[in-house]
Amino acid sequence: MSAHAEHEGHGEHGATAASNDWVGKKLARFTGSAALTIGGELMTTYGLLAMPAGIAALTAATPAYLPIAAALTGSAIGAAIGWQGAKHAGIGEKSMYAGIKLLTPFSLLAKSMAPVSGYVMSGLSFISTALAMRHRK
Amino acid sequence: MHNTVYDFLHQVLTIIEYRDDKETFIGQFIAVCVMEANEQINLKDSSKDTHEILFAKKVQQNFEDYIETILPTLTPTTKTKLLDFLESSESYFGLLQ
């Protein structure tokens, strides 16, 4: 192969493409975790925000089991998505994650007395999922 | 530590005649090493030394993986130049241990 053909040949361009492909795959794993964290937490937060309306509607004797079901489902889906990362963590972090997720729906009972509790639990829920995503394989 | 990694990678990219923006690639490479090192951090032991050691290990692992990936794409001349450079820089990775 001539020197010119070698210089303009597949080798250098191949190296650029291979390099970009290599680093792209590495980065994709972390952006995937970020997308799941955001998606999971949006569902959990929807669950937190929608449940009070559902409970109020029930007490008004309106058939409103759907908002409650949607809220609980949203919270459960959000927690399940975050668990994909948390299940690889140590026992301490797993326990903390499970505890926060289990407490989240119950915090809404206190929300009517102390509105800030809903926001505090939402914040804790987000942080626990973001930490759990570090372990996502 | 980060400046040394930058210089070393910059030389490698120059040898293989990387055509895109070298700074962008190096930034992404370092970011990957930092994020992978963060995954292994034990929250009970968060000393600066531990972070640096984890980061250095990730740099070495990822660099070896990267070189294995691109070697088959290089022309014989470029491969020889790269291997000669890596051989002369062997002491670099000795400093990371």
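Please read these numbers as outputs of a predicted model, since none were measured by experiment. (Residues numbered from 1 in each chain as written. Chains lettered and ligands numbered in written order. Predicted model: local features only at pLDDT ≥ 70, side-chain atom pairs only at ≥ 80, totals over all residues. Heavy atoms only, no water.)

### Regarding the overall build of chain A
Thinking step 1. Counting its regular elements, chain A contains five helices and zero strands.
Thinking step 2. Secondary structure of chain A in N-to-C order comes out as α-α-α-α-α.
Thinking step 3. Within chain A, the fraction of its 137 residues that count as buried is 39%.
Thinking step 4. For chain A, the proportion of contacts with a sequence separation of at least 24, taken over those separated by at least 6, is 71%.
Thinking step 5. When the accessible surface of chain A is summed, it comes to about 7,400 Å², and 75% of that surface belongs to carbon and sulfur atoms. (Helix = DSSP H or I, 4+ residues; strand = E, 2+ residues; numbered from the N terminus. Buried < 20%, exposed > 50% of the residue type's maximum accessible area, 1.4 Å probe, protein only. Contact = heavy atoms within 4.5 Å. Areas by Shrake-Rupley, 256 points an atom, 1.4 Å probe, with all protein chains shown as cover.)

### Looking at helix H4 (residues 76–88) of chain B
All names here are of chain B.
Thinking step 1. Spanning 13 residues, H4 covers 18 Å between terminal C-alpha atoms, matching the ideal 18 Å at 1.5 Å per step.
Thinking step 2. For H4, the set of buried residues is Thr 78, Leu 82, Phe 85 and Leu 86. Burial along H4 is one-sided: seen end-on, the buried residues are contained in an arc of 100°. Along H4, the residues that are exposed and aim more than 90 degrees away from the buried face are Pro 76, Glu 87 and Ser 88. (Expected span 1.5 Å × (residues − 1). Arc of directions from axis to C-beta.)

### Description of the confidence of the model for chain A
Residue and element names in this part refer to chain A.
Thinking step 1. Predicted confidence across chain A gives a mean pLDDT of 69, with 48% of residues reaching 70 or more.
Thinking step 2. At the level of individual helices and strands, chain A shows its lowest average pLDDT in helix H1 (residues 3–8), which scores 44, and its highest in helix H2 (residues 10–59), which scores 73.
Thinking step 3. Here residues 1–12 is modelled with pLDDT under 50, and outside its nearest four sequence neighbours on either side it reaches 15 contacts, counting other chains as well. (pLDDT = per-residue confidence, 0-100.)

### Focus on helix H2 (residues 22–39) of chain B
Thinking step 1. Helix length check: H2 of chain B, at 18 residues, gives a terminal C-alpha distance of 26 Å against a target of 26 Å (1.5 Å per residue), a fit within 8%.
Thinking step 2. Considered for burial, the residues of H2 of chain B that qualify are Lys 22, Phe 25, Ile 26, Phe 29, Ile 30, Val 32, Cys 33, Glu 36, Ala 37 and Glu 39 of chain B.

### Digging into the nonpolar core
Thinking step 1. Counting 27 residues, the largest nonpolar core has Val 12, Ile 16, Phe 29, Phe 63, Tyr 66, Ile 67 and Leu 82 of chain B as the members making the most contacts within it.
Thinking step 2. Leave out the neighbours within four places in its chain, and Val 12 of chain B touches Phe 63, Tyr 66, Ile 67, Leu 82 and Phe 85 of chain B. (Core = buried A, V, L, I, M, F, W, Y, C linked by side-chain atoms within 4.5 Å.)

### Looking at the pattern of salt bridges
Thinking step 1. Within the structure shown, the criterion is met by three salt bridges over all chains.
Thinking step 2. Taking the shortest distance from any N to any O, the salt bridge between Glu 36 of chain B and Lys 26 of chain A comes out at 3.2 Å. Here Lys 26 of chain A lies in helix H2 and Glu 36 of chain B lies in helix H2, a pairing that spans two chains.
Thinking step 3. Note that Arg 29 of chain A is salt-bridged to Glu 39 of chain B, the shortest N-O span being 3.0 Å. Remark: Glu 39 of chain B occurs in helix H2 and Arg 29 of chain A occurs in helix H2; the pair is interchain, linking two chains.
Thinking step 4. Residue Arg 29 of chain A is classed as partly exposed on the basis of its relative accessible area, which comes to 27%. (Salt bridge = Lys/Arg side-chain N within 4 Å of Asp/Glu carboxyl O.)

### Observations concerning unusual backbone geometry
Thinking step 1. Here the phi dihedral of Glu 17 of chain B falls at roughly 55°; this positive angle occurs in a residue that is not glycine.
Thinking step 2. Relative to the assigned elements, Glu 17 of chain B resides in the loop between helix H1 (2–15) and H2.

### Some words on the interface of chain A and chain B
Thinking step 1. In this assembly, 21 residues from chain A lie in contact with 26 residues from chain B.
Thinking step 2. Taken together, the two surfaces of chain A and chain B that pack against each other cover about 2,200 Å², and 58% of this comes from carbon and sulfur.
Thinking step 3. Along the contact surface separating chain A from chain B lie two salt bridges.
Thinking step 4. Contributions of two or more residues to the side of chain A that touches chain B are made by H1 and H2 of chain A.
Thinking step 5. Among the elements that line the side of chain A that touches chain B, the one with the most residues is H2 of chain A, at 16 residues.
Thinking step 6. The residue makeup of the side of chain A that touches chain B, split by class, is six nonpolar, nine polar and six charged. (Buried area = accessible area lost by both parts, 1.4 Å probe. Nonpolar A, V, L, I, M, F, W, Y, C, P; charged D, E, K, R; others polar.)

### Some details on the packing of aromatic side chains
Thinking step 1. Across all of its chains, the model carries six aromatic pairs over all chains by this definition.
Thinking step 2. Measuring from ring centre to ring centre gives 5.3 Å for Trp 22 of chain A and Tyr 66 of chain B, while their planes differ by 55°; the resulting arrangement is tilted. With Trp 22 of chain A in helix H2 and Tyr 66 of chain B in helix H3 (residues 48–70), the pair connects residues from two separate chains.
Thinking step 3. Among the residues examined, Tyr 66 of chain B registers a relative accessible area of 0% and is labelled buried. (Phe/Tyr/Trp six-rings, centres within 6.5 Å; stacked < 30°, edge-to-face > 60°.)

### Focus: the environment of Thr 24 of chain B
Residues and elements named next belong to chain B.
Thinking step 1. Counting through the fold element by element, Thr 24 comes out in helix H2.
Thinking step 2. Here Thr 24 falls in the partly exposed class, since its relative accessible area comes to 41%.
Thinking step 3. Only 2.5 Å separates the side chain of Thr 24 from the side chain of Asp 21, close enough to count as a polar contact. (Polar contact = N/O pair within 3.5 Å; in protein donor to acceptor, adjacent residues only side chain to side chain.)

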